[in-house]
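Summary of structural features
These are the residues of each chain, in order.
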Amino acid sequence: MASPEERYNFRETESRWQETWAAKNTFRVEEGSSKPKYYVLEMFPYPSGRLHMGHVRNYTLGDVVARYKKARGFNILHPMGWDAFGLPAENAALERGVHPGKWTRQNIAVMRDQFRPLGLSLDWSREIATCEPEYYKHEQKMFLDFLKNGLAYRKESIVNWDPIENTVLANEQVIDGKGWRSGADVEQRKLNQWFLKITQYAEDLLQGIETLDRWPEKVRLMQHNWIGRSEGARVRWPIIGRDGTALPEPLEVFTTRPDTLFGASFCAISAQHPLAARVAEADPELAAFILECSRGGTSTAAIETAEKKGYDTGLRARHPFITDKTVPIYVANFVLMEYGSGAIFGCPGHDERDMEFARKYALPVRCVVAPVGEDPQAFAAKLEAGDVAYTDDGIAINSGFLNGLKVDAAKRAAIAKLETQNAGTGTVQYRLRDWGVSRQRYWGCPIPIIYCDACGTVPVPDENLPVTLPEDVTFDKPGNPLERHPTWKHTTCPACGGKATRETDTFDTFFESSWYFARFCSPKLTDRPFNQVEAMKWLPVDQYIGGVEHAVLHLLYSRFFTRAMSDCGYLNLKEPFAGLFTQGMVCHETYRAADGAWVEPDSVTWEGDKATADGKPVVVGRSEKMSKSKKNTVDPQRILDTYGADAARLFMLSDSPPERDLEWTEAGIEGAWRYINRLWRLAVTAAETPASTLPPTLDPSVVAVQRQIHRAIAAVSDDLEKFRFNSAVARIRELTNALADMDRSVAGGAAVYRFGVETVAQLVNPLTPHIAEEVWRTLGHATLLTETPWPGYDASLLEDDSVTIAVQVNGKLRGTITVPKVADKAALEAAALAIPAVQKQLDGKPPKKVIIVPGKIVNIVAA
RNA sequence: GCGGGUAUGGCGGAAUUGGUAGACGCGCCUGACUCAAAAUCAGGUUCCUCUGGAGUGGGGGUUCGAGUCCCUCUACCCGCACCA
């Protein structure tokens, strides 16, 4: 029976250890250490105001890795910072009239305080905030270096416009045709924008994926698809005008199927194609069609569902292979200007979309590929009469010099011929577009550029960096406050000294997060973003942890930045993150009142399986990601106040594998809290047990526990290495159960018990560091457990002298036998056959066959 | 449409190379302690027609033996989506 003194006081204990670790700088990087380095990083938080459960899970996972690796003898870099620029700060300014900078810095202060009681092994001396000029001045310099090296450029282009956020979005920030934060239908607008040349690295980024063997397959695949490499050809089609004369410039189309050129029945160009505009000058009907395409296509979502429409320009394109053959050129609403050359040739027989178009406009369908093993004539007749395209592999038919070749060979032959005829070239096309980084927002890093009527685009000279954000701005009107600031925008040209204006756009906030991992290597350096030697020592990040939602955003941008920084002399590295772990979301049941309004979990009361809120019944919905809109959030603060950090951490780690979604339940956290107390009682008992040395002979039951301790060390070590934290918890609980059940009064009992409790403290330390440290101290250790090496195990104690193995008859379990580990096959067979249940199954007949796998199983095959 | 993933008790999940399915926990049940409750402790808990049988989403296959390998179907989840 636990007396009040013995009850575990997490409030006092957890804060005491947090203070001790802080006072001793336990988690600072060890300068000049000869230990191997290990860089653990979790995706840094946006200072939204308060920590949420997703943060707690993310940082707990990272902390387990950091503490485990520290015990394993590594010199750990485990820093924390703030991804502090972003739109919510401006929204707060609009709604509450508070300056974005003030709001952000207040949030940082609140959240930093919320971090402390979690007991994370962070090196706070390296804290950074991206909204401070000490940080962003370096990225302004970096941008200018990118510009010098041809990695940044400005151009007018059609961009994704978010009408709610009043800013441009990158392609990666448009999800299902909607803004990734606002959810608004994204519109198309033509604007002058700064771009970073991520496409220059398309091939390298693609190939680099192969080296990321400690990344989840899912993320690698998503990046692979996002880059979207396709091999094909650019084909030039001479154009014949409406009057029958040839135009000077040919039409260039991109295709991945040059093998189907003989099946071409039309060409189609984008409504934004220059040729379309030229023809429209003399054709009002076409001009109207083009307008319709762009009007109907203001939202990306609308484009995707729109019916395929075309307009015959009256121009014709001359086929590269077939003399005298020409095809009509259409303007089509489904051809994208941004991909390939903004023009295609249509082969309806072997492309679904072209088939749809051809049937609509009564264009010919010609079969030029037939599947192997089918009669080509019959197949072609069926295909040409139907409306389903054949897109699989096959053999070229009706295709002149390509006839008889399979698709791959035909592609190569077609490209070779195009090249000899000077009618086209083999090429590689990527889906990846350059990264538009201009944002029409205030709360971001100013783009260090000046526009001068005389000198054009002029970079801000180094000595004038940083270009800092003005503090005196107003948010009383829509649009970018920098644009209407009375003085900030107006400046003099650094080149000619004349009147000039500043760029008022700021960088996409993904700019800051694309290099922060390097800044942590020398966070206080003032003259450069980071020290190259330090960065090369710590990078790549050994273990990066965060949500999968950044698979093609932050994670791709960072890989690009690392390459770009290397090409500009900042680094010599390609991949920033050697290991990546993407954690699941934290979910909770949802509740709705009769009127459909969401109800918070805290206001729901249960009576049996009936849930009510304010006396009215509520409908229990499915478990979903915690979100403010569905009100199914649980405030980490309340959990920490009620159960402490260790219980919260333990529950988060034990209930689900870390890559899967976690269902938050009050019962679960209570279970974790019970375990903490159970462990504490064990420790109190162990501390009361007089320390004794191990006697020469141990009671067999004690030997069994001793084996279990060593097995637990081996299993938990392996589990922690492989992110199987839920299994690690199970193994530790098993050992705890065994220790609680053991007889301490027999020979060696007391000593092994004590050793066992000590081992539990060590094993549980990365997961629940406060109680672990407290147990360690209670057992009489003067040194910190946090500074104690990871326990080793005795391999000879992992296995028992005797093993229990299963006995099957025809694959069905009929009994078990416990035999010496060294028992030979004959002994195993004899023991197995002696089992009554086995005898019964055999029914007096001799077995047909006996399969014996020593140490594992005996399977008797009955006649 | 294309690509990927997942499916195991009432629930979360375990079973690392094919070898005793359901570890560990939650919930539930019984008992002890208590005036009572909570907490704690002890025991039980896959299902069924229970000396046996069935069982890892459905169906089929390989094997002495399949949650695990192969084929096929279904459901759900995620990513991309007129990319030529």
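Residues numbered from 1 in each chain as written. Chains lettered and ligands numbered in written order. Predicted model: local features only at pLDDT ≥ 70, side-chain atom pairs only at ≥ 80, totals over all residues. Heavy atoms only, no water.

**Here's the deal with the overall build of chain A**
Tallying secondary structure elements over chain A gives 26 helices and 39 strands in all. Seen through its C-alpha atoms, chain A measures out along the principal axes to roughly 110 × 85 × 65 Å. Across the 863 residues in chain A, those meeting the buried criterion constitute 52%. Considering only contacts within chain A whose residues lie at least 6 apart along the sequence, 72% involve residues at least 24 apart. Of the side-chain charges in chain A, 101 are positive and 111 negative, and the distance between the mean point of each set is 2 Å. (Helix = DSSP H or I, 4+ residues; strand = E, 2+ residues; numbered from the N terminus. Buried < 20%, exposed > 50% of the residue type's maximum accessible area, 1.4 Å probe, protein only. Contact = heavy atoms within 4.5 Å. Lys, Arg positive; Asp, Glu negative; His and termini not counted. Charge placed at Lys NZ, Arg CZ, Asp CG, Glu CD.)

**Comments concerning the pattern of salt bridges**
Between side chains of opposite charge, pairing is possible as soon as their charged atoms come close. Considering all chains together, one arrives at 45 salt bridges under this definition. We note a salt bridge from Arg 16 to Glu 774, for which the minimum N-O separation is 3.1 Å. Residue Arg 16 is located in helix H1 (residues 10-23), and its partner Glu 774 is located in helix H24 (residues 769-778); the two are separated by 758 residues in the primary sequence. A salt bridge links Lys 489 to Glu 483, with the shortest nitrogen-to-oxygen separation between them at 2.7 Å. Look at Lys 489 and you get buried, because its relative accessible area is 18%. Through salt bridges with shared partners, one network takes in Asp 204, Arg 559, Arg 563, Lys 574 and Glu 575. (Salt bridge = Lys/Arg side-chain N within 4 Å of Asp/Glu carboxyl O.)

**Some details on the sheet that holds strand S15 (residues 326-332)**
Spatially, the five strands line up as an open sheet ordered S11-S14-S15-S13-S16, and their pairing is mixed. Each of the sheet's edge strands pairs with one partner strand only, and the pair in question is strand S11 (239-240) and strand S16 (343-346). Bridge count for strand S14 (residues 310-318) against S15 is six bridges, and the pairing is antiparallel. Note that in S15 the partner of Arg 316 across the bridge is Pro 328. In the packing of helix H11 (residues 352-360) onto the sheet, contacts are made with strand S13 (266-269), S14, S15 and S16, and the angle to S16 comes to roughly 75 degrees. (Pairing = 2+ DSSP bridges. Axes fitted to C-alpha atoms, helices over the stretch in contact; angles between N-to-C directions.)

**Structural notes on H1**
Between its first and last C-alpha atoms H1 spans 19 Å; for 14 residues at 1.5 Å apiece the expected length is 20 Å, and the two agree. Considering only its buried residues, H1 is in contact with helix H2 (53-71), helix H19 (636-654), helix H20 (666-688) and H24. You can read the cap of H1 off the contacts: a side-chain oxygen lies 3.2 Å from the backbone nitrogen of Arg 11, and it is on Asn 9. Downstream of H1 by a residue or two, Asn 25 has a phi angle that is positive, lying close to 50 degrees. (Expected span 1.5 Å × (residues − 1). Polar contact = N/O pair within 3.5 Å; in protein donor to acceptor, adjacent residues only side chain to side chain.)

**Some words on the packing of aromatic side chains**
By convention here, two paired aromatic rings are described through the distance between centres and the angle between planes. Evaluation of the coordinates by the stated rule reveals 49 aromatic pairs. Ring centres of Tyr 516 and Phe 517 lie 6.1 Å apart, and the angle between their planes is 70 degrees; this geometry places the pair in the edge-to-face category. Using a relative accessible area of 0% as the deciding quantity, one classes Tyr 516 as buried. The exposure class of Phe 517 is buried, given its relative accessible area of 0%. Residue placement shows Lys 417 over the ring face of Phe 401; its charged tip is 4.8 Å from the ring centre. (Phe/Tyr/Trp six-rings, centres within 6.5 Å; stacked < 30°, edge-to-face > 60°. Lys NZ or Arg CZ within 6 Å of the ring centre and 35° of its normal.)

**What about the environment of Ser 558?**
By the secondary structure assignment, Ser 558 is in helix H18 (residues 554-567). When the C-alpha positions of Ser 558 and Phe 289 are compared, they lie 41 Å apart, and in sequence the two are 269 residues distant. Setting aside chain neighbours within four positions, we find Ser 558 in contact with Ser 513, Ser 514, Phe 517, Pro 576 and Phe 577.

**Observations concerning the side chain of Ser 514**
The residue Ser 514 is located in the loop between helix H15 (510-513) and helix H16 (516-519) in this model. According to the relative accessible area criterion, Ser 514 is buried, its value standing at 0%. Among the polar contacts listed, one links the side chain of Ser 514 to the backbone oxygen of Phe 510, at a separation of 2.6 Å. Not counting residues up to four positions away in its chain, the partners in contact with Ser 514 are Trp 435, Tyr 557, Ser 558 and Phe 561.

**Notes on the side chain of Ser 230**
Among the secondary structure elements, Ser 230 is positioned in strand S10 (residues 229-237). At 3.0 Å, the side chain of Ser 230 and the side chain of Tyr 339 are in polar contact. In this structure, Ser 230 is in contact with Phe 254, Thr 256, Tyr 339, Thr 427, Val 428 and Gln 429, ignoring residues within four places of it in sequence.

**Some words on the pairing of strand S39 (residues 857-861)**
By the bridge criterion, four bridges tie strand S36 (residues 802-809) to S39 in an arrangement that is parallel. Counted as the bridge partner of Val 807 is Val 858 from S39. Across five bridges, strand S38 (residues 849-853) lies against S39 in antiparallel orientation. When the sheet's bridge partners are listed, Ile 851 is paired in S39 with Asn 859. The antiparallel hairpin formed by S38 and S39 contains three residues in its connecting segment, where Gly 855 sits at a positive phi of about 80 degrees.

**Overview of the packing of H19 against H20**
Closest axis-to-axis distance for the H19/H20 pair is 8 Å, and the angle between their directions is 75 degrees. As judged from the angle between their axes, H19 and H20 are roughly perpendicular. Here Arg 638, Ile 639, Tyr 643, Asp 646, Ala 647, Ala 648, Leu 650 and Phe 651 of H19 lie close against H20, whose contacting residues are Glu 666, Gly 668, Ile 669, Glu 670, Ala 672, Trp 673, Tyr 675 and Ile 676. Taken together, the residues of the contact of H19 with H20 sort by class into eleven nonpolar, one polar and four charged. (Parallel < 35°, antiparallel > 145°, perpendicular 65-115°, else oblique. Nonpolar A, V, L, I, M, F, W, Y, C, P; charged D, E, K, R; others polar.)

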